Amino acid sequence: MPTLPREQPGPAQPHQARQMAESFGTDAHRYDQARPGYPDGLVARVVAGSPGPDVLDVGCGTGIAARQFQDAGCVVLGVEPDARMAEFAQARGLQVEVAPFEAWEPAGRAFDVLIAAQSWHWVDPAAGAVKAAQALRPHGRLAIFGHVFEPPAEVAEPFAAAYRRVAPDSPFSNQPARRPLDTYQAGYAKIADKLRETEQFNEPEQWRFDWEQSYTRDQWLNLLPTTGGLTRLRHDQLAEILTAVGHAIDALGGRFTMHYTTLATSAVRADTP
């Protein structure tokens, strides 16, 4: 994902950055319209490897992933800390309970699948792993996944320069314009380590899905304001960044192709009480 507006904030403990974690509802409609969905192959693999259709979607946002699982025949309950995002998802037909996952009460319910789509870094990694095990039935599947995407250097470099100029004190401003995929793969490996520590899951699996999507200038400028590094900027700061990025895309002919990698850590709940 783009280094500066990536979903993970600068602090070493992203789940503690609650203001940023709950800033995505600023424009829930734009978020839902602009954000990409998830590979059909990933959804199919999760569903095929699960014992039943009951899905808990942690940090469901506007319901982008949840709707894909509903289309695959699942019954989905969302948990979302941002009431604005939850309201949008509810208006689209998703049942959502408003709470951070760590504080959410299962109330005796158990699920066949627990997913976290582009949201697990906002959850305390140790407490979240334990709670996920508690929420799953034996043999239930946990799937934590998200996109990694880096625009071409011709777009990423002007973005990074503009961000440093308008928000020099941001934790994002000292990051390089692009980061290697290995950085994100290491993050998903750490998720697997936390799952192992619970002793409640079978050996975690690492999945990877590569795909592409073409963006016009307007499509990319519509998506950028929904990313974590930009949701809390002032209007004038955001406008300056979007202008710089727009000029960069114009220089490429008005569009570019984004190479996406969707990474996942998945594990099956052990057959224990």
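Coordinates for the structure precede this section.
Next up on the list: unusual backbone geometry. One non-glycine residue with positive phi stands out, namely Gln118, at about 60°. Assignment of secondary structure puts Gln118 in the loop between strand S4 (111-117) and helix H6 (125-135). The backbone phi angle of His139 is positive, close to 75°, even though this residue is not glycine. Assessed through its relative accessible area of 42%, His139 is described here as partly exposed.

A few words on the side chain of Lys131. Mapped onto the secondary structure, Lys131 falls in helix H6. Look at Lys131: it is buried, it has no salt bridge, and the nearest opposite charge is Glu105 at 5.2 Å. Separated by 3.0 Å, the side chain of Lys131 and the backbone oxygen of Glu102 make a polar contact. Look past the residues within four positions of Lys131 in its chain and what remains in contact with it is Phe101, Glu102, Ala103, Trp104, Glu105 and Pro106.

So, on to the sheet that holds S4. Spatially, the seven strands line up as an open sheet ordered S3-S2-S1-S4-S5-S7-S6, and their pairing is mixed. In this open sheet, the two strands that pair with only one neighbour each are strand S3 (95-98) and strand S6 (205-216). The average undirected angle you get between the axes of adjacent strands in this sheet is 20°. The pairing of strand S1 (residues 54-58) with strand S2 (residues 75-80) spans five bridges and is classified as parallel. Looking at S2, one finds that Asp57 is bridged to Gly78. Contacting S4, strand S5 (136-149), S6 and strand S7 (255-268), helix H3 (residues 40-48) crosses the sheet at an angle of about 150° to S6.

Quick notes on the rules
Residues numbered from 1 in each chain as written. Predicted model: local features only at pLDDT ≥ 70, side-chain atom pairs only at ≥ 80, totals over all residues. Heavy atoms only, no water. Helix = DSSP H or I, 4+ residues; strand = E, 2+ residues; numbered from the N terminus. Buried < 20%, exposed > 50% of the residue type's maximum accessible area, 1.4 Å probe, protein only. Lys, Arg positive; Asp, Glu negative; His and termini not counted. Salt bridge = Lys/Arg side-chain N within 4 Å of Asp/Glu carboxyl O. Polar contact = N/O pair within 3.5 Å; in protein donor to acceptor, adjacent residues only side chain to side chain. Contact = heavy atoms within 4.5 Å. Pairing = 2+ DSSP bridges. Axes fitted to C-alpha atoms, helices over the stretch in contact; angles between N-to-C directions.

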